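# Observations on the three-dimensional arrangement
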Amino acid sequence: MLLCLFWLAGATAALADKRVALVIGNGDYRTLGRLANPVADADAMATLLAGGPLGFKVIRATDADHAAMLRAMSEFGNEATDADIALVYYAGHGMQVDQRNFLIPVGADIKSRVDLATQTIKLDDISDILSASGAKAKILLVDACRNNPLPASASRGASRGLARLDAASTGTLVAFATGPNAVADDGDNGHSPFAAALLKRLPEAGIEIRRMLALVRQDVHAATNQRQTPWVDEALLGDLYLSGSAISGSVPIATQQPSPAPGSPVPDKADMAACTDLGTEPTPIKLEAYLDNFPKGYCAASVRRRLEALAKPAAGPAPISASPAPAPARPDPPPYTISSYWNHNGSRVALSASEGNRLFYYEAPRPGLAEVGVRKGALLFKGSASGGVYRGQAYVFSRECGPISYRVEGSAAGKPPIITLRGKAPRRAKDCAQTGWRDDTLVFRYDSAAR
C-alpha cells in the first residue's frame, strides 16, 4: 500500500503543472447568421481539456454576449498568471476590418463601424491577455473564419476571412482553422472540420504540439477535399507535449497520414518528406524541384502559388495581410536555447537559435517601450540564417495596433559581430489602416555569450 501511495504521489506531481484554458463558442446570433456548430465545438473542447490526460482548469462561455465574453477573459487572465500552459479556443463569427481581427458576441447588432468598435472583441486583446499572463507556453486556437456576417453599410475596409496574426512573443503558438483571408467550413457533422480534427488529435499521447497540428492540418485538408488548410505560426522555445511525454522511436510526421476523403489524392512518403523539407523559406530552385518530382503532390498547389508570387515584378512590398503558403511542420523540432545576448537601441536582446532558425526577442526592454506594448519575450525578429544571411519577419510595436510584422533581410559583419536587417515597415493610421511604407533598419550589437 505504501509503495502504491508513493507511486500515486509521484504521478500526481508529474501532472501538477498549472494549465488554464478559456473556451468560447458562439452560435445563436440574434441579428447575424446562426452557426450550427460552435457551441457543440466549445462544449466538446472544454470537456476534453478538463479531462484526465490534459488536465486544464477551464473557463467556459457559450452563446456569450459582450459582457459575458469580457468577464470570461478577465477570469482567464487572472487564473492564467504564471501558468505553465495558457490556452484559448474560440469558435464563432469573426471578421477582419483594415487587417484587424474581431470576434463577435451573440448579442451584437452591428450597423456601422462605431458598432464594430463597441460591440465586438478584438482578437489582439485576447493575444495581449495571453502575453500578460506570463505563461511559459501560450496557445491561441481560432475557428472563426466562416464569413463576414455584417451588412454592407458596416463592411467598409472588411476583407474575406481573418487577417494573419503572428506569434509575436516567445513561447506563443497561434493556429487558425484556415489560412489568412480564407473562409473555413462550419461543418455538417456536428463539429467544424478544425474542431473535429483537434478533438481527435489533442488527446493522443506523446505527440509534440507542432507535429500534432501538422496532423490536424492533414485531417482538415482531407476532410474538406483540399479546400481548407489550417494555418499555424509559432515562437515556442522548446518541445511542448499536451498529453503524455515524448515517446522514443515515434513515427516521422510524413508517415502519419490520416485516411483521405473519398476522391482525394493519397500523398506517398517521399512526397510528404519533400513537402516537409521545403521549410518556411524555400528557394525558387527548391520549389521547382519539388514540382518536377511531384507535379500533383500534397504541396503542389501551395508551391505553385509561391512561385507565381515570386515571379511577379517587384512593384513595392506585398500587402501586410498577404498569406504565405502554409508550410508543413517539420518533424521533431529541436528546442531553442539562448545562445547569446545583444544590444538593440539600448534594450538587452536574447538570440535563440537551433539549426538554421533564429529568434531575437526582448530580454530587458529599455524604459518607455512598455507604453507601446513591449514586454519581456516580445519578438523583434523570427526567421532563418544561412551562410551569414538572415531572412524573416521583423516586428514594430504600436499602442493602437499591437505588433506589426514585415519582411527583412540582412547579414552579420565585424568582430564583435553586428547584425543589420533591412526592410520596409508598414505605416499605420490611428485606426490601424495601412497608409504606406517606410524604410526600416534593425541593428543588433553583440553583447555577451549566454551563461
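As named in an unreviewed UniProt entry, the protein is Caspase family protein, taken from Labrys neptuniae.

### Thoughts on the overall build of the protein
The helix and strand inventory of the protein stands at 10 helices and 18 strands. Counting only residues that meet the buried cut, the protein has 51% of its 451 residues in that class. By sequence separation, contacts in the protein at least 24 residues apart represent 61% of the contacts at least 6 residues apart. Carbon and sulfur atoms make up 54% of the accessible area of the protein, which totals about 20400 Å².

### Side note on the pairing of strand S3 (residues 85-91)
The side chains of a regular strand alternate between the sheet's two faces. The buried fraction of S3 amounts to seven of the seven residues, a majority that puts the element mostly inside the structure. Here S3 shows a buried face lined by Ile85, Leu87, Tyr89 and Ala91 and a second buried face lined by Ala86, Val88 and Tyr90. Judged from the seven bridges that link them, strand S1 (residues 19-25) and S3 form a sheet pairing that is parallel. Bridge pairing in S3 links leucine 22 to valine 88. For S3 and strand S7 (residues 137-143), the ladder comprises seven bridges, and the chain directions are parallel. Residue pairing across strands places isoleucine 85 opposite alanine 137, the latter belonging to S7.

### Observations concerning helix H2 (residues 38-50)
If you check H2, its first and last C-alpha atoms are 18 Å apart, about what 13 residues at 1.5 Å a residue would give, namely 18 Å. Looking at H2, one finds that the buried residues are Pro38, Asp41, Ala42, Met45, Ala46, Leu48 and Leu49. With its buried residues spanning 165 degrees around the axis, H2 presents them on a single face. Buried residues along H2 sit against S1, strand S2 (57-62), S3, S7 and helix H6 (193-201).

### A few points about the sheet that holds strand S15 (residues 389-398)
A barrel is described by the order of its strands in space; here eight strands give the closed sequence S11-S12-S13-S14-S15-S16-S17-S18, paired in antiparallel fashion. Strand after strand, the sheet turns through a mean of 30 degrees between neighbouring axes, direction not considered. In terms of strand pairing, strand S13 (residues 357-364) meets strand S14 (residues 379-386) through five bridges, oriented antiparallel. Residue pairing for S14: phenylalanine 360 is matched across the bridge by phenylalanine 381.

### Regarding the side chain of aspartate 143
Positionally, aspartate 143 belongs in strand S7. By relative accessible area, which is 0% here, aspartate 143 ends up buried. Among residues more than four places away in sequence, those in contact with aspartate 143 are Asp41, Tyr89, Tyr90, Ala91, Gly92, Ala177, Ser192, Phe194 and Ala195.

### A short note on the packing of aromatic side chains
Tallying each qualifying case throughout the model produces seven aromatic pairs. Judged by centre distance (6.4 Å) and plane angle (65 degrees), the ring pair of tyrosine 362 and phenylalanine 397 falls under edge-to-face. On the criterion of sequence distance, the pair formed by tyrosine 362 in strand S13 and phenylalanine 397 in strand S15 is long-range, its members being 35 residues apart. An identical accessibility class is assigned to tyrosine 362 and phenylalanine 397; each is buried. In textbook terms, an aromatic cluster arises when at least three aromatic residues are bridged by ring pairs, as seen for Trp342, Phe360, Phe381, Tyr390, Phe444 and Tyr446. The cationic tip of arginine 348 hangs over the ring face of tyrosine 341; the distance from NZ or CZ to the ring centre is 4.0 Å.

### Overview of the environment of alanine 195
Among the secondary structure elements, alanine 195 is positioned in helix H6. Look at alanine 195 and you get buried, because its relative accessible area is 0%. When the C-alpha atoms of alanine 195 and valine 142 are compared, they prove to be 9.7 Å apart, with 53 residues separating the residues in sequence.

### Describing the side chain of serine 243
Along the chain, serine 243 turns up in the loop between strand S10 (231-234) and helix H8 (269-277). What makes serine 243 buried here is its relative accessible area of 4%. There is a polar contact of 3.1 Å between the side chain of serine 243 and the backbone oxygen of proline 203. Those residues within four positions of serine 243 in sequence are excluded, and the remaining contacts are Pro53, Leu54, Leu202, Pro203, Glu204, Ala205 and Gly206.

The rules behind the values
- Residues numbered from 1 in each chain as written.
- Predicted model: local features only at pLDDT ≥ 70, side-chain atom pairs only at ≥ 80, totals over all residues.
- Heavy atoms only, no water.
- Helix = DSSP H or I, 4+ residues; strand = E, 2+ residues; numbered from the N terminus.
- Buried < 20%, exposed > 50% of the residue type's maximum accessible area, 1.4 Å probe, protein only.
- Contact = heavy atoms within 4.5 Å.
- Areas by Shrake-Rupley, 256 points an atom, 1.4 Å probe, with all protein chains shown as cover.
- Pairing = 2+ DSSP bridges.
- Expected span 1.5 Å × (residues − 1).
- Arc of directions from axis to C-beta.
- Axes fitted to C-alpha atoms, helices over the stretch in contact; angles between N-to-C directions.
- Phe/Tyr/Trp six-rings, centres within 6.5 Å; stacked < 30°, edge-to-face > 60°.
- Lys NZ or Arg CZ within 6 Å of the ring centre and 35° of its normal.
- Polar contact = N/O pair within 3.5 Å; in protein donor to acceptor, adjacent residues only side chain to side chain.

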